[in-house]
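# Remarks on the overall topology
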Amino acid sequence: MFDIEKIRRDFPVLNQLVRGKPLVYLDNAATTQKPIQVIEAMDKYYREYNSNIHRGVHRLSQLSTDAYEKARVVVKNFISANSSEEIIFTRGATESINLVAATFGKSLKKGDEIIISHMEHHANIVPWQMLRLEKGIILKIIPINDKGEIIFDEFLKLLTDKTKLVSVVHISNTLGTINPIEDIINETKKIGAKILIDASQSIHHSKINVKELDCDFLVFSGHKIYGPTGIGILYGKKHILNDLPPYQTGGDMIRSVSFEETLFNDLPYKFEAGTPNISGAIGLAEALNYINDLGLENIINYENELLNYGTELLSQIPELRIIGTSEKKAAVISFVLENVHPHDIGTMVDIDGVAIRTGHHCTEPIMRRFNIPATSRASLSFYNSKDELNVLYKSLLKVIKMFK
Ligand SMILES: *Cc1c(COP(=O)(O)O)cnc(C)c1O
């Protein structure tokens, strides 16, 4: 296994007291902390070679263009895409999904169908609802069972010759459920529809290979995989992206502009209008290199160990019920406590330096499915330890005593 103490030294934020107690950061599904390597790469960019890309022949512009395009190659390799033209830099997963809705959505007509699941993040619900308003498409929802798993037979029943797109989350940010995306992709392809995978929570908890998956689109945010905020990825198959109209328009996405006619640039620039988040791309690439150095396999094994330990520990509390008990699960533990509102739990464990998230986690339909207003969520990372889970456990016992 890897050396947790050594790893933790890479993350400056982790080494601090909160309310006089060592910080226990268990809010990794909301955003992850950044290793010093990422912070320094971005710092170096601004200190040493900040310059706009693609438009300059001067030295600094060449350096920044090289770094930006190298970052694209790092992303391409990380998800095993065929070519870096298939890697579009966006602001994050939300913008990536909106990009697909705005461009692919243009070709849809009244009565066309899009399928999502009951466990989607709002970012993978609302853009399709907007298309429903605009185009009269039909939005169908794959139901989930009491464990928080997709009911596969029900998914099969939703597929018709009107289905144009299936858009599903790989790992649920609220339930931790790992969805059988290989099977979902296969069934979707059989009827000739397109498939989008929301990999926001899986990019750092599982090995993603878009060539093997054979998905049409895949999205994620940099900040959930130890990179900066404000940068994200849309992966799309080259021939599909080529056929889509542009998203935003302006500089960089054009080949030539006259008042009579404008020609659009080739992939991937066609979808990157305006000056992009150069430092963000550099930081993201550094984060992916960091993950590669640790080894995703090691990360997955260790996080599973933590998940099993935490699940067993919290299950010893009779008043506590875990929401999301899928057979296949990533390192997220959502729970409710009898007679205590999640908001009070979050506030009270904060006194012990423990950062968890409480609320609906941008997945309100899941709350309604389980008939609860909110959950408390501990989401784990490779820099967390069993000791930290013990701190959470003891803090929860105090909460229960207090509310008895
Ligand atoms: C965080 C998240 C998103 C949205 O990501 P942003 O970084 O807010 O754009 C979408 N889907 C899932 C599953 C997420 O966890």
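Report on the accompanying structure. Computed from a predicted structure; not experimentally measured. Here the residue numbers are simple positions, counted from 1 along each chain's written sequence. For this predicted model, a pLDDT threshold of at least 70 governs which residues receive local features, and a threshold of 80 or more governs which side-chain atom pairs are given and counted, while totals over whole chains, interfaces and linings are taken from all residues. To get the side-chain values, all heavy atoms of the structure are used, and hydrogens and water are removed first.

### Structural notes on the pairing of strand E5 (residues 113-117)
- Summary of the burial criterion: residues with accessible area below 20% of their type's maximum are buried, those above 50% are exposed, and those between are partly exposed, where the area comes from a 1.4 Å probe applied to protein chains only. Helix and strand labels come from DSSP, where a helix needs a run of H or I of at least four residues and a strand needs a run of E of at least two; each type is numbered from the N terminus. Within E5, 5 of the 5 residues are buried, which leaves the element mostly enclosed by the surrounding structure.
- Side chains Glu113, Ile115 and Ser117 project from E5 onto one buried face, and the interleaved Ile114 and Ile116 project onto a second face that is buried too.
- Since E5 and strand E6 (residues 138-142) lie parallel, the crossover through helix H5 (residues 126-135) that links them has a hand, and here it is right-handed. Orient the strands so they point away from the viewer, and a crossover whose first-strand-to-second-strand path over the helix runs clockwise is right-handed.

### A short note on the sheet that holds strand E7 (residues 163-169)
- The pairing criterion is simple: DSSP has to find at least two bridges between the two strands. A sheet is described by the order of its strands in space; here 7 strands give the open sequence E4-E10-E9-E8-E7-E5-E6, paired in mixed fashion. What marks the edges here is a single partner per strand, and that holds for strand E4 (87-90) and E6. On average, each strand axis in the sheet is tilted by 20 degrees relative to the strand beside it, whichever way the strands run.
- Looking at chain direction, E5 and E6 are connected through 5 bridges and run parallel. Within the sheet, the bridge partner assigned to Ile116 lies in E6 and is Ile141.
- Throughout, a residue-residue contact means that at least one pair of heavy atoms, one from each residue, lies within 4.5 Å. As a rule, the C-alpha atoms of each element are fitted with a line to give its axis, helices using only the stretch in contact, and angles between N-to-C directions run from 0 to 180 degrees. Where helix H7 (residues 181-190) meets the sheet, its contacts fall on E7 and strand E8 (194-198), and the angle it forms with E8 comes to roughly 160 degrees.

### With respect to the sheet that holds strand E13 (residues 320-323)
- On the basis of which strands lie adjacent, the open sheet formed by 4 strands has the order E13-E14-E17-E16 and antiparallel pairing. Of all the strands in the sheet, the pair left with one neighbour each is E13 and strand E16 (357-359). Between one strand and the next, the sheet's axes are offset by a mean angle of 30 degrees, whatever the strand orientation.
- Pairing geometry for strand E14 (residues 332-337) and strand E17 (residues 375-379), over 4 bridges, is antiparallel. Bridge pairing in E17 links Ser334 to Arg377.
- Strands in contact with helix H11 (residues 296-315) are E13 and E14; relative to E14, the strand with the most contacts, it is inclined by about 10 degrees.

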